[in-house]
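Okay, here's what each chain looks like letter by letter:
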Amino acid sequence: MKIIRAKDYYDMSRKAANIISAQVIMKPNCVLGLATGGTPVGIYKQLVEWYNKDDIDFSEVTTVNLDEYRGLPREHPESYWSFMHRNLFDLVNIRPERINLPDGTNLDAAAECARYDYVIQRVGGIDLQLLGIGHDGHIGFNEPGSAFELGTHCVDLTEETIEANKRFFASKEEVPRQAYTMGIKTIMQARKVLLVANGAGKAEIIKRAFFGPVTPEVPASILQMHPDCTIVLDAEAASLI
Ligand code: F6R
């Protein structure tokens with residue numbers, strides 16, 4: 001586990017974007033595992049800027065996203081499909097047929113999770129998985145208490161996650177109650193993991209996850225066991241370590 005301290009959100013975003021860019025340069029046909037949420041927005045912005053300067057080429061890249069709300073139409077502005085198109089896919093030369101997300105509109109959870117695991121296997125596994133971290137230590141939608149050995153599965157969102165995500169919806173009632181997520185096993189099988197966090201609100205969980213015991217109660221703590229995990233933090237998120 002390697003921890004990189006950045007000055008601020010902008011610096012964190014640029015450092016993480018540099019790591020992703022290096023991955024794409026080293027292996028142009030790599031498989032990038034991508035995340036949504038507030039934290040990676042600056043990373044995607046930086047990657048788009050470099051794409052516009054001809055410094056990065058996504059034409060051979062395949063993407064697999066971590067998660068998607070179950071039951072939300074793709075076109076809903078808060079679906080992760082919409083988020084990814086708005087922040088990255090529509091702005092660079094990724095081929096639409098190489099973009100993969102769990103299909104939240106398929107309500108048959110068992111079939112959808114099996115399909116998504118097969119997609120990840122068929123593309124040859126994930127070269128670099130980008131992750132954010134929840135205040136309770138969740139990664140993807142793997143909430144505290146999640147079994148470490150799961151592949152893609154359907155989860156009930158915790159009250160804390162619904163509360164944290166309501167800022168993106170008109171009201172709390174509109175936040176979907178379930179999601180499809182890659183499991184911890186899938187994430188741990190990625191050849192490289194890049195976790196990013198910023199802000200004072202993440203300082204405590206960063207300390208617990210990476211300097212405390214490895215426990216399902218703090219899902220991100222399992223990353224201590226990953227052979228190639230890089231964590232990029234701004235000064236506030238790193239303030240307790
Ligand atoms: C997003 C995801 C989540 C977020 C986490 C942090 O695809 O799976 O685990 O990474 O909730 O979210 P932010 O970045 O909004 O603090």
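This write-up is about the structure you can find in this document.

Rules used throughout
- Residues numbered from 1 in each chain as written.
- Predicted model: local features only at pLDDT ≥ 70, side-chain atom pairs only at ≥ 80, totals over all residues.
- Heavy atoms only, no water.
- Helix = DSSP H or I, 4+ residues; strand = E, 2+ residues; numbered from the N terminus.
- Rg over C-alpha atoms; globule rule 2.2 N^0.38 Å.
- Buried < 20%, exposed > 50% of the residue type's maximum accessible area, 1.4 Å probe, protein only.
- Contact = heavy atoms within 4.5 Å.
- Areas by Shrake-Rupley, 256 points an atom, 1.4 Å probe, with all protein chains shown as cover.
- Lys, Arg positive; Asp, Glu negative; His and termini not counted.
- Charge placed at Lys NZ, Arg CZ, Asp CG, Glu CD.
- Axes fitted to C-alpha atoms, helices over the stretch in contact; angles between N-to-C directions.
- Parallel < 35°, antiparallel > 145°, perpendicular 65-115°, else oblique.
- Left-handed = near helix turned anticlockwise from the far one by under 90°.
- Nonpolar A, V, L, I, M, F, W, Y, C, P; charged D, E, K, R; others polar.
- Phe/Tyr/Trp six-rings, centres within 6.5 Å; stacked < 30°, edge-to-face > 60°.
- Expected span 1.5 Å × (residues − 1).
- Pairing = 2+ DSSP bridges.
- Right-handed = clockwise from strand over helix to strand, strands pointing away.

On a plain count of helices and strands, the protein comes out with 7 helices and 10 strands. Computed over the C-alpha atoms, the radius of gyration of the protein is 17 Å, within 12% of the 18 Å expected from 2.2 N^0.38 for a compact globule of 241 residues. With the C-alpha coordinates of the protein rotated into their principal frame, the extents come out at 40 × 40 × 35 Å. Split into buried and exposed, the 241 residues of the protein put 53% on the buried side. For the protein, the proportion of contacts with a sequence separation of at least 24, taken over those separated by at least 6, is 79%. Summed over its atoms, the accessible surface of the protein is roughly 10500 Å², and 52% of this surface lies on carbon and sulfur atoms. A gap of 5 Å separates the mean positions of the 25 positive and 32 negative side-chain charges of the protein.

This part takes up the packing of helix α1 (residues 9-26) against helix α2 (residues 41-52). Relative orientation of the contacting elements α1 and α2 amounts to 60 degrees, with a least axis distance of 8 Å. Taken together, α1 and α2 sit at an angle that is classed as oblique. Handedness of the crossing formed by α1 with α2: right-handed. On α2, the residues that touch Y9, Y10, S13, R14, A16, A17, N18, I20 and S21 of α1 are V41, G42, I43, Q46, L47 and W50. Here the contact of α1 with α2 is built from residues that sort into 9 nonpolar, 5 polar and 1 charged.

So, about the packing of aromatic side chains. Counted under the stated rule, the structure contains 4 aromatic pairs. An angle of 50 degrees between the planes, with centres 5.8 Å apart, marks the rings of Y69 and F141 as tilted. Of this pair, Y69 sits in strand β4 (residues 67-69) while F141 sits in the loop between β6 (128-131) and β7 (153-156), and the two are 72 residues apart along the sequence. Residue Y69 shares its accessibility class with F141, and that shared class is buried.

Here we take up helix α4 (residues 109-122). For the α-helix, the turn length of 3.6 residues means that residues three or four positions removed from each other point alike. If you check α4, its first and last C-alpha atoms are 20 Å apart, about what 14 residues at 1.5 Å a residue would give, namely 20 Å. Buried residues along α4 sit in contact with β3 (62-65), β5 (99-100), β7, β8 (178-181) and α6 (184-189).

The subject of this paragraph is the sheet that holds β5. Within the open sheet, the 7 strands sit side by side as β1-β10-β9-β6-β2-β3-β5. Their pairing is parallel. Of all strands in the sheet, those with a lone pairing partner are β1 (2-5) and β5, marking the two edges. Strand contacts of helix α7 (residues 203-211): β1, β9 (192-197) and β10 (229-233), with the helix running at about 155 degrees to β9, the strand carrying the most contacts.

Moving on to the pairing of β3. The alternating pattern of β3 places T62 and V64 and T63 and N65 on opposite faces, both of which are buried. Here 4 bridges tie strand β2 (residues 31-34) to β3, and the two strands are oriented parallel to one another. By the bridge assignment for β3, L32 is matched with T63. Tracing the backbone out of β2, into α2 and back to the parallel element β3 gives a crossover that is right-handed. As defined by bridge partners, β3 adjoins β5 across 2 bridges and the pair is classed as parallel. Looking at the pairing, T63 lines up with I99 of β5.

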